[in-house]
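Structural description and commentary
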Amino acid sequence: MKRKVFTLLFGMILGAALFGNAPVVAAGIVAQPSWSPIFVDGRQVSMTAYNINGNNYVKLRDIGREVGFNVYYQNGVQVDSSAPYTGEAPEKNIPQSEPLQAIQVSSYKGNALKAGDRSMLVVNSDEAYSVSSSDSSIADVEMVSGHWVISAKAPGTVVISVTGQTGRSGHLALTVNPSDPIDLSANMEIRQEMVQFINQVRRENGRSELPVNEALMNTAQDVSAQCVIEHRPYDHKALLRYGWPHGACFNLSVFGAEDSPNTAQQAVTSWVNSPGHLQTMLDADVTCVGTGVTISGGRAYCYMAVGDPNSHNPYE
């Protein structure tokens, strides 16, 4: 149909200012309205035509409107035979930017922790990022030895959010369940054997043996049951809960439970081979000892607490 329409044109319109019925004169050319009927596919249409030097001219935009193709001005006259007439330039399609890929976030011990648990946050990101908790009273986050660690505090649900410098983010929905009651008498044989090895080391180095203190035993077992790999304020606060109002020092050893046939000996040997831990065992100011052992997830968490009645607990 469009080919038929173009047979109506004997030339392009000479200007955009061809309006009204009166003759128009431009550069010596006279354009007068023409009353010749115009048909499109046998249907008469109403379009203003002009006779110039014996030729009939119509506006291109009028043809586009009647026939159904778009005519508009954009850096020149544009004809779009595939679009319906609007007389306006089409909107440019702005390419959509690809959505940022989410940062993968997980918890080393899974998405369900118990109050008192601690778990390393596993973040798959090659850019710097920050970490936050939606409710720090349920679970908080802290940097420990260069790694983000989740500290579960109270039952509830919480979202741990990771935000990168480029705007990427990731989220971890975490459930904190009530903690199980701690069995303060668990692994008592191993713990008593640890006391024997500790006193043996003290004797070999000219120190007196340390008697077992129940408050320190309960404290060390509670702390070991937390299954963590670093010392924390929690250790000293536990002393107060179990009735030891003074200061104390702790040794910690964590190793594969199946790596040694004798857990007690493995723990004490590791302290002997570490100057700082050996110094704690040989401290001349301490007067009593307590030990704790928890086997969990294929690991042995071994603690020693030695009490100094003349020192102060900073959390008292």
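Residues numbered from 1 in each chain as written. Predicted model: local features only at pLDDT ≥ 70, side-chain atom pairs only at ≥ 80, totals over all residues. Heavy atoms only, no water.

A few words now on the overall build of the protein. For the protein, the count of helices and strands is seven helices and 19 strands. Considering the protein as a whole, with its 316 residues, one finds that 40% of them fall into the buried category. A sequence separation of at least 24 residues applies to 57% of the contacts in the protein between residues at least 6 apart. Looking at the protein as shown, the accessible area adds up to about 17,800 Å², and 50% of this sits on carbon and sulfur atoms. (Helix = DSSP H or I, 4+ residues; strand = E, 2+ residues; numbered from the N terminus. Buried < 20%, exposed > 50% of the residue type's maximum accessible area, 1.4 Å probe, protein only. Contact = heavy atoms within 4.5 Å. Areas by Shrake-Rupley, 256 points an atom, 1.4 Å probe, with all protein chains shown as cover.)

Per the stated rule, a full pass over the model turns up one aromatic pair. Ring centres 6.4 Å apart and planes at 75° place the aromatic pair F250 and Y303 in the edge-to-face group. One end of the pair, F250, is in strand β17 (residues 246–256); the other, Y303, is in strand β19 (residues 299–312), with 53 residues separating them in the sequence. There is no split in this pair, since F250 and Y303 are both buried. If you follow R241 out to its NZ or CZ, it ends over the ring of Y234, 4.9 Å from the centre. (Phe/Tyr/Trp six-rings, centres within 6.5 Å; stacked < 30°, edge-to-face > 60°. Lys NZ or Arg CZ within 6 Å of the ring centre and 35° of its normal.)

In this model, N187 sits at a positive phi of 55°, which is unusual for a non-glycine residue. Within the element layout of this structure, N187 appears in the loop between β16 (169–177) and α3 (188–204). Since its relative accessible area comes to 30%, N187 is described here as partly exposed. Positive phi, close to 55°, is recorded for C227, a residue that is not glycine. Of note, C227 is situated in the loop between α4 (214–224) and α5 (233–241).

With that out of the way, let us pick up α5. Since there are 3.6 residues in each turn of an α-helix, residues three or four apart along the chain are aligned in direction. Here α5 has its buried residues at D235, A238 and L239. End-on view of α5: buried residues confined to an arc of 110°, all on one side of the axis. Where α5 is buried, its residues contact α4, β17 and β19. A positive phi of about 95° marks G243, the residue just after α5. (Arc of directions from axis to C-beta.)

Relative to the helices and strands, N199 resides in helix α3. Apart from the residues within four sequence positions on either side, N199 is in contact with E209 and L210.

If you trace the three strands from one edge of the open sheet to the other, you get β17-β19-β18, paired in antiparallel fashion. Because the sheet does not close on itself, it has two edges, and the strands there are β17 and β18 (288–296). For this sheet, the mean angle separating the axes of adjacent strands, direction not counted, is 15°. As defined by bridge partners, β18 adjoins β19 across nine bridges and the pair is classed as antiparallel. (Pairing = 2+ DSSP bridges. Axes fitted to C-alpha atoms, helices over the stretch in contact; angles between N-to-C directions.)

Here the focus is the pattern of salt bridges. Following the criterion strictly, the structure yields seven salt bridges and no others. For E127, the salt bridge goes to R168, with nearest N and O atoms at 3.0 Å. Of this pair, E127 sits in the loop between β11 (118–124) and β12 (129–133) while R168 sits in the loop between β15 (156–164) and β16, and the two are 41 residues apart along the sequence. Per residue, the accessibility class of E127 equals that of R168, and both read buried. R203 is paired through a salt bridge with E209; the nearest N and O atoms lie 2.5 Å apart. Residue R203 is classed as partly exposed on the basis of its relative accessible area, which comes to 46%. (Salt bridge = Lys/Arg side-chain N within 4 Å of Asp/Glu carboxyl O.)

Moving on to the sheet that holds strand β13 (residues 139–144). Two orientations exist for strands paired in a sheet by backbone hydrogen bonds: parallel and antiparallel. Strand order in the open sheet made by the four strands is β9-β11-β14-β13, with antiparallel pairing throughout. The open sheet has two edge strands with one neighbour each: β9 (104–107) and β13. The sheet shows a mean angle of 30° between the axes of neighbouring strands, direction not considered. Relative to strand β14 (residues 147–152), β11 runs antiparallel, the two being bridged by three bridges. From the neighbouring strand, M120 faces β14, where its bridge partner is V149.

Orientation of α3 relative to helix α6 (residues 263–272), taken along the N-to-C sense of each, is 35°, at an axis distance of 8 Å. Considering the relative orientation of α3 and α6, their crossing is right-handed. Packed against α3, whose contacting residues are I190, E193, M194, F197, I198 and V201, the element α6 presents T263, A264, Q265, A267, V268, W271 and V272 at the interface. A breakdown of the residues in the contact of α3 with α6 according to their chemical character gives 10 nonpolar, two polar and one charged. (Left-handed = near helix turned anticlockwise from the far one by under 90°. Nonpolar A, V, L, I, M, F, W, Y, C, P; charged D, E, K, R; others polar.)

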